[in-house]
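So you can see what is in the structure, the chains are spelled out below.
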Amino acid sequence: MKEQWDARYKSKEFIYGIEPNNFLKSYLNETSPGKILLPGDGEGRNAIYAAKLGWDVTAFDYSNSAKEKAKGLAHFNNVDITYFTSNVESFNLNEKYDLIAIIYLHLPTDLRSDFHQKLINFLNPKGKILLECFSKEQINHNSGGPKNDKLLYDLNEIKQDFANYNIEQLEQTKIYLNEGPLHQGNASVIRLIAQNN
């Protein structure tokens, strides 16, 4: 799997574009900067946007190719980000964050639940989780995302994963994706904003 993502990210083209995810962009535009963690941030489009707004940015991905493209994009935009290579099972930090943003990071069921519940260890009091992922209904669309139903998410699964948080927003909705060549067209997504108690 790592080799597959390394190969995908090695292309000169930014496969998910260089513009930030719209859901995250809207949130960041209305929120005072702080410390943000971006797991699975790929080529860095979201990290760079947050850094431009003054956020202290840490991101990781388990693809070395993704990291190199993200660091190059940061340099091009004259911003500093901390970006390291890790998988979700073994990443560990001695930092606390005001926001953790998970954008289209799709994991197998057991790993997903463990990872989501682990994140509370890295949140400041009143810190927030923001998540956008493909729902199970995305299997009927060709606009991106896994073609394996087990890697798509269910609204109740997400609700259960973040049951210990104050959930401010949780919905399944239809959107139009325009995020580079691999995210194009009508899509079914789940969106979450949840606050640490």
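Residues numbered from 1 in each chain as written. Predicted model: local features only at pLDDT ≥ 70, side-chain atom pairs only at ≥ 80, totals over all residues. Heavy atoms only, no water.

Side note on helix H3 (residues 45-52)
The buried fraction of H3 amounts to seven of the eight residues, a majority that puts the element mostly inside the structure. Taken together, the buried positions of H3 are occupied by Arg45, Asn46, Ala47, Ile48, Tyr49, Ala50 and Ala51. Elements in contact with the buried residues of H3: helix H2 (22-29), strand E1 (35-39), strand E2 (56-61), helix H4 (64-76), strand E4 (97-103) and strand E6 (166-179). Of the residues trailing H3, glycine 54 is marked for its positive phi of about 100°. (Buried < 20%, exposed > 50% of the residue type's maximum accessible area, 1.4 Å probe, protein only. Helix = DSSP H or I, 4+ residues; strand = E, 2+ residues; numbered from the N terminus. Contact = heavy atoms within 4.5 Å.)

A closer look at the environment of leucine 182
Relative to the helices and strands, leucine 182 is located in the loop between E6 and strand E7 (183-195). Taking relative accessible area as the criterion, leucine 182 reaches 35% and is therefore assigned partly exposed.

Some thoughts on the sheet that holds strand E5 (residues 123-134)
The mixed open sheet is built from seven strands, whose spatial order is E3-E2-E1-E4-E5-E7-E6. Strands at the two margins of the open sheet, each flanked by one partner only, are strand E3 (82-85) and E6. Across the sheet, the axes of successive neighbouring strands diverge by a mean angle of 15°, strand direction being ignored. Bridge analysis of E6 against E7 gives 13 bridges, and the strand direction is antiparallel. Considered in E7, the bridge of threonine 173 is made with valine 189. Across the sheet, H2 touches E1, E4, E5, E6 and E7, and the angle it forms with E5 is around 150°. Sheet contacts for H4: E2 and E3; angle to E3, the most-contacted strand, approximately 165°. (Pairing = 2+ DSSP bridges. Axes fitted to C-alpha atoms, helices over the stretch in contact; angles between N-to-C directions.)

What about unusual backbone geometry?
A negative phi angle characterises most non-glycine residues, just as the trans form characterises most peptide bonds. Not every positive phi belongs to a glycine, and tyrosine 104 is a case in point at roughly 55°. Under the relative-accessibility criterion, tyrosine 104 is labelled buried at 13%.

Structural notes on the packing of aromatic side chains
Going through the model one piece at a time under the given rule, you end up with six aromatic pairs. Both rings, one in phenylalanine 60 and one in phenylalanine 91, keep their centres 4.6 Å apart while their planes meet at 25°; by these two values the pair is stacked. With a gap of 31 residues between them, phenylalanine 60 in strand E2 and phenylalanine 91 in the loop between E3 and E4 connect regions that are remote in the sequence. On the basis of relative accessibility, which here comes to 1%, the residue phenylalanine 91 falls in the buried class. Seen from their ring centres, phenylalanine 162 and tyrosine 165 are 5.3 Å apart, and the 70° between their planes marks the pair as edge-to-face. You can call phenylalanine 162 buried: its relative accessible area is 0%. The structure contains a cluster of three or more aromatic residues connected by ring pairs, namely Phe60, Phe84, Phe91, Phe115 and Phe122. It is lysine 69 that lies over the ring of phenylalanine 14; its NZ or CZ is 4.8 Å from the centre. The ring of tyrosine 153 carries arginine 112 above its face, with NZ or CZ at 5.7 Å from the centroid. (Phe/Tyr/Trp six-rings, centres within 6.5 Å; stacked < 30°, edge-to-face > 60°. Lys NZ or Arg CZ within 6 Å of the ring centre and 35° of its normal.)

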